Amino acid sequence: MPHTVPTSAPAPAWDQGSLKNPHQTADKARRVQRMFSAIAPSYDLNNHLHSLWLDHYWRRQAVRLADIKSTDIVADIACGTGDLSMAFYRVHPKYVIGVDFCHAMLQGACKKTTAVVERGISFYEGDALQLPLRDQSVDVVSIAFGIRNVSDWGQAVDEFHRILRPGGRLIILEFSLPHNPLLRAGYNFYFRRILPRTATLISGDKTGAYQYLPESVNTFISPVQLTQRMQKAGFSGVRAKSLTAGICYCYRGIRYA
Ligand SMILES: C[S@@+](CC[C@H](N)C(=O)[O-])C[C@H]1O[C@@H](n2cnc3c(N)ncnc32)[C@H](O)[C@@H]1O
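Attention here is on the structure that accompanies the text. (Residues numbered from 1 in each chain as written. Predicted model: local features only at pLDDT ≥ 70, side-chain atom pairs only at ≥ 80, totals over all residues. Heavy atoms only, no water.)

## A look at the packing of helix H8 (residues 181-203) against helix H9 (residues 209-218)
In contact at an axis separation of 7 Å, H8 and H9 are set at 150° when each is read in the N-to-C sense. Classified by the angle their axes make, H8 and H9 are roughly antiparallel. On the side of H8, the interface is formed by Asn188, Phe191, Arg192, Leu195, Pro196, Ala199, Thr200 and Ser203, while H9 contributes Tyr210, Gln211, Leu213, Pro214, Glu215, Val217 and Asn218. Residue composition of the contact of H8 with H9, by class: 8 nonpolar, 5 polar and 2 charged. (Axes fitted to C-alpha atoms, helices over the stretch in contact; angles between N-to-C directions. Helix = DSSP H or I, 4+ residues; strand = E, 2+ residues; numbered from the N terminus. Parallel < 35°, antiparallel > 145°, perpendicular 65-115°, else oblique. Contact = heavy atoms within 4.5 Å. Nonpolar A, V, L, I, M, F, W, Y, C, P; charged D, E, K, R; others polar.)

Okay, structure coming up:
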């Protein structure tokens, strides 16, 4: 189990002002941490339900793009309750390391994996901006629905490059918006008007987590900007695969040297 001081009791993390562009709030990391601490117990249920279980399919696509070998060490960053870490574990790499800075989310991951913890998967508390991993020490770095939540996503991409061995793959899964304007409008109606209500009801959340979700996607950088930043960090062969009409993207880049 990860060992840290428990995070404080749920309190509002987002208000109308900070939701205009949550990426520009000075204390984004602290707010994100507080929000995930509050919603951790119902995170999986809300995730599966509100994506109509498509999240499993998106994670499978991420694993497929990683092209896992039996000798690979995978670092799943912002692993949360560990669903992507487990998806990697199931295709038999050498080892999976899950890292997240939210204790409550990691507790969920640990509960799910107690049976396999001794055999090739473990979870650590750590920050994506300063990973507790040596230079060039892993073969695959993944981050699912996490890069948008990191306060300095560009710095995180550099950090992922640092810990990857030459030949290593960076896999990013992240929400975006449908390309088709009509579909986008319909999706945003669901995303901004319906999901926040139902997800808040299920979670009992008081931090504004499910108001933050659609606003953080709507104000996040475009897939083109993210691929450009991956190239700037030194990744080659960068590609962005649109999944489910652009609701989600899977990015891959390779560290060659
Ligand atoms: C939407 S959840 C995604 C969890 C998981 N990857 C999944 O696919 O369900 C985002 C996670 O990012 C984590 N996170 C955000 N910023 C982080 C940071 N700077 N360092 C580590 N974890 C971070 C949060 O604690 C949260 O667990």
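Moving on from the coordinates now.
## Thoughts on the environment of Leu164
With respect to the secondary-structure elements, Leu164 resides in strand S5 (residues 164-175). By relative accessible area, which is 0% here, Leu164 ends up buried. Along the primary structure Leu164 and Thr71 are separated by 93 residues, whereas in three dimensions their C-alpha atoms are 14 Å apart. Ignoring sequence-local partners within four residues, the contact set of Leu164 consists of Gln136, Val138, Asp139, Val140, Val141, Arg169, Leu170, Phe235 and Arg255. (Buried < 20%, exposed > 50% of the residue type's maximum accessible area, 1.4 Å probe, protein only.)

## As for the site of the ligand
Around the ligand sit 19 residues, and of these Tyr43, Ala78, Asp100, Ala128 and Ala144 come closest. In the environment of the ligand, an oxygen atom lies 2.6 Å from a nitrogen or oxygen atom belonging to the side chain of Asp100. Side-chain polar atom of Asp127 to a nitrogen atom of the ligand: 2.9 Å apart, as the coordinates give it. Its free accessible area being 600 Å², the ligand has 97% of it covered by the protein chains. Elements with a contribution of two residues or more to the shell around the ligand: helix H2 (28-39) and helix H3 (43-50). Considered class by class, the residues forming the shell around the ligand number 12 nonpolar, 4 polar and 3 charged. (Near = heavy atom within 4 Å. Polar contact = N/O pair within 3.5 Å; in protein donor to acceptor, adjacent residues only side chain to side chain. Areas by Shrake-Rupley, 256 points an atom, 1.4 Å probe, with all protein chains shown as cover.)

## Brief notes about the pairing of strand S6 (residues 235-243)
Across 7 bridges, S6 lies against strand S7 (residues 248-255) in antiparallel orientation. Bridging from a neighbouring strand, Arg239 pairs with Arg252 of S7. Hairpin connection of S6 to S7: 4 residues between the antiparallel strands, including Thr244 at a positive phi of 55°. (Pairing = 2+ DSSP bridges.)

Everything listed is a geometric property; what it means functionally is a separate question.
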